[in-house]
Amino acid sequence: MTVTRPARLTGAALCAALALIAAVWILKDLAALGSPADLAWYWAGDHHFLIRGRSTTSLIDPVLLAVYAAAVVAALRSRHAASALAAAGAVTLALRLPGLWAPGTGTLVTALLELALAAGLVLTAAVGRRPADTPHEREPGRPRTGPAIAAGVLLALAALGVTLWELYWAGELPLEITVDRFTGGRSVVKPALAPPPGWLSAIAVGLYGTAAVSCLLRARHGRAFGLLAAVLLTAGGLGGVARAVRYETLVRLGELATPDAVDVLTSAFELLAGLTVLVLLAGRGAPAAAPGPYPAAGVPSPAPPRRRPPGW
């Protein structure tokens, strides 16, 4: 299966609109902070400086901006356009859904607009597919066996790590705060567009797990979902490692309490695992199977060669 040209153009336009929305909010926070470095540190989790008013964006926003930019390119040029559009739309629906009950008119309007665009992406990816017109038209290929299995194992370990951390926090925090971590209650202080931390963990586990299974089964959509999961995993690990460097906890690992030390090590694993998955899945997929000696059904046989005249 491949994607029709109208579907490619529609998907690219929808992704461009989502990217524009993310860029506008990022520029708004940049104007409030006045420094790209301060905004980057804020995304990484360093909130020890003043900001005029409540911040809007989080580390999720530049990640989504990069995802939308890559999806635009995939929609226009890649044979994996359908899975790339579906993955971008699905993760946007999941991450922006809590914006429907978050305080603030701007947050609600943004969530409604992004959810509508994301639903359009998923619909475009679903209805825009078509069979290949010719036996030589390139279709989405499967990832290679070795890289796919390695990526699947790393993503499965990442999903397990996030799950264990949520179980730890559920045991350490009161029930009300645990519920607020998933619903975005008053005890949770976060940027306006950011999903609640527990909700984000649940989405991460779902995405990592889905991508891991897809890679282990070498599904055709495994590359798109695996790369998307790897980008989110890398960003989360990078933020954690940056905080560890900022507060010098990385060099004092032996002096930290066990949960703090495990947190730093988890961030380092996420960064390395995310980069590794990106490298494993960014390469060429497995070559397509060679065509058989007989033509496919419905495809006419080539005409036999003409006999040449004697002495030609």
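Everything here concerns the structure above.
Residues numbered from 1 in each chain as written. Predicted model: local features only at pLDDT ≥ 70, side-chain atom pairs only at ≥ 80, totals over all residues. Heavy atoms only, no water.

Draft legend 1. Broad picture of the overall build of the chain. When its secondary structure is counted, the chain shows ten helices and two strands. What you see in the chain, going N to C, is helices and strands ordered as β-α-α-α-α-α-β-α-α-α-α-α. The buried share of the chain, taken over its 312 residues, is 41%. Element-wise, carbon and sulfur atoms account for 68% of the exposed surface of the chain, whose accessible area totals about 16,900 Å². (Helix = DSSP H or I, 4+ residues; strand = E, 2+ residues; numbered from the N terminus. Buried < 20%, exposed > 50% of the residue type's maximum accessible area, 1.4 Å probe, protein only. Areas by Shrake-Rupley, 256 points an atom, 1.4 Å probe, with all protein chains shown as cover.)

Draft legend 2. Broad picture of the packing of aromatic side chains. Going through the model one piece at a time under the given rule, you end up with four aromatic pairs. Relative to W199, the ring of W101 lies with its centre 5.7 Å away and its plane at 70°, an arrangement referred to as edge-to-face. Highlighted residues: W101 in the loop between α4 (81–96) and α5 (105–127) and W199 in helix α8 (residues 197–216), separated in sequence by 98 residues. Judged by relative accessible area, W101 falls into the partly exposed class, the value being 43%. With 5.5 Å between their ring centres and 90° between their planes, W165 and Y168 make a pair best called edge-to-face. In this pair, W165 and Y168 both sit in helix α6 (residues 145–172), three residues apart, roughly one turn of the helix. The class of Y168 is partly exposed, set by a relative accessible area of 29%. The cationic tip of R246 hangs over the ring face of W41; the distance from NZ or CZ to the ring centre is 4.2 Å. (Phe/Tyr/Trp six-rings, centres within 6.5 Å; stacked < 30°, edge-to-face > 60°. Lys NZ or Arg CZ within 6 Å of the ring centre and 35° of its normal.)

Draft legend 3. Highlighting the environment of A118. For A118, the location among the structural elements is in helix α5. Its relative accessible area of 0% is what places A118 among the buried residues. For A118 and A88, which are 30 residues apart along the polypeptide, the C-alpha to C-alpha distance reads 7.5 Å.

Draft legend 4. Focus on the nonpolar core. Ranked by internal contacts, the top residues of the largest apolar core, which has 46 residues, are L121, L155, L207, Y208, L232 and V277. Of all the secondary-structure elements, those providing two or more residues to this core are α1 (5–33), α3 (60–77), α4, α5, α6, α8, α9 (222–246) and α10 (258–282). Setting aside chain neighbours within four positions, we find L232 in contact with I60, V63, A204, L207 and Y208. Grouped together as the second largest cluster of nonpolar side chains are five residues, I26, L39, Y42 and W43 included. (Core = buried A, V, L, I, M, F, W, Y, C linked by side-chain atoms within 4.5 Å. Contact = heavy atoms within 4.5 Å.)

Draft legend 5. Representation of the side chain of E166. The residue E166 is located in helix α6 in this model. Polar contacts involving the side chain of E166 include one to the side chain of S201, which spans 2.9 Å. Not counting residues within four places of it along the chain, the set of residues in contact with E166 comprises R181, F182, P197, G198 and S201. (Polar contact = N/O pair within 3.5 Å; in protein donor to acceptor, adjacent residues only side chain to side chain.)

Draft legend 6. View of a nonpolar patch on the surface. Residues I149, V153, L157, L160, L164, L167, L216 and F269 make up a contiguous nonpolar surface patch of roughly 690 Å² in combined accessible area. When residues of the nonpolar patch are assigned to their parent elements, the largest contribution, six residues, is made by α6. When its relative accessible area of 39% is taken as the criterion, I149 is described as partly exposed. (Patch = residues over 30% accessible without salt bridge, like charges linked within 9 Å, V, L, I, M, F, W, Y side chains within 5 Å. Salt bridge = Lys/Arg side-chain N within 4 Å of Asp/Glu carboxyl O.)

Draft legend 7. Examining the pattern of salt bridges more closely. According to the stated counting rule, one finds four salt bridges in the structure shown. Residue D61 pairs with R96 through a salt bridge whose shortest N-O separation is 2.7 Å. Here R96 lies in helix α4 and D61 lies in helix α3, a separation of 35 residues in the sequence. For the pair shown, D61 and R96 are each scored as buried. For the salt bridge of R181 with E166, the shortest nitrogen-to-oxygen distance reads 2.6 Å. Taken together, the residues span a long stretch of sequence, with R181 in helix α7 (residues 175–183) and E166 in helix α6 at a distance of 15 residues.

Draft legend 8. Just the packing of α3 against α4, in detail. Packing of α3 against α4 leaves a shortest axis separation of 9 Å and a crossing angle of 155°. As summarised for this structure, α3 and α4 are arranged roughly antiparallel, according to the angle between their axes. For the pair α3 and α4, the crossing hand works out as left-handed. In this structure, α3 contributes I60, D61, L64, V67, Y68, A71, A74 and A75 to the contact, and α4 contributes A81, A84, L85, A88, V91, T92, L95 and R96. Considered class by class, the residues forming the contact of α3 with α4 number 13 nonpolar, one polar and two charged. (Axes fitted to C-alpha atoms, helices over the stretch in contact; angles between N-to-C directions. Parallel < 35°, antiparallel > 145°, perpendicular 65-115°, else oblique. Left-handed = near helix turned anticlockwise from the far one by under 90°. Nonpolar A, V, L, I, M, F, W, Y, C, P; charged D, E, K, R; others polar.)

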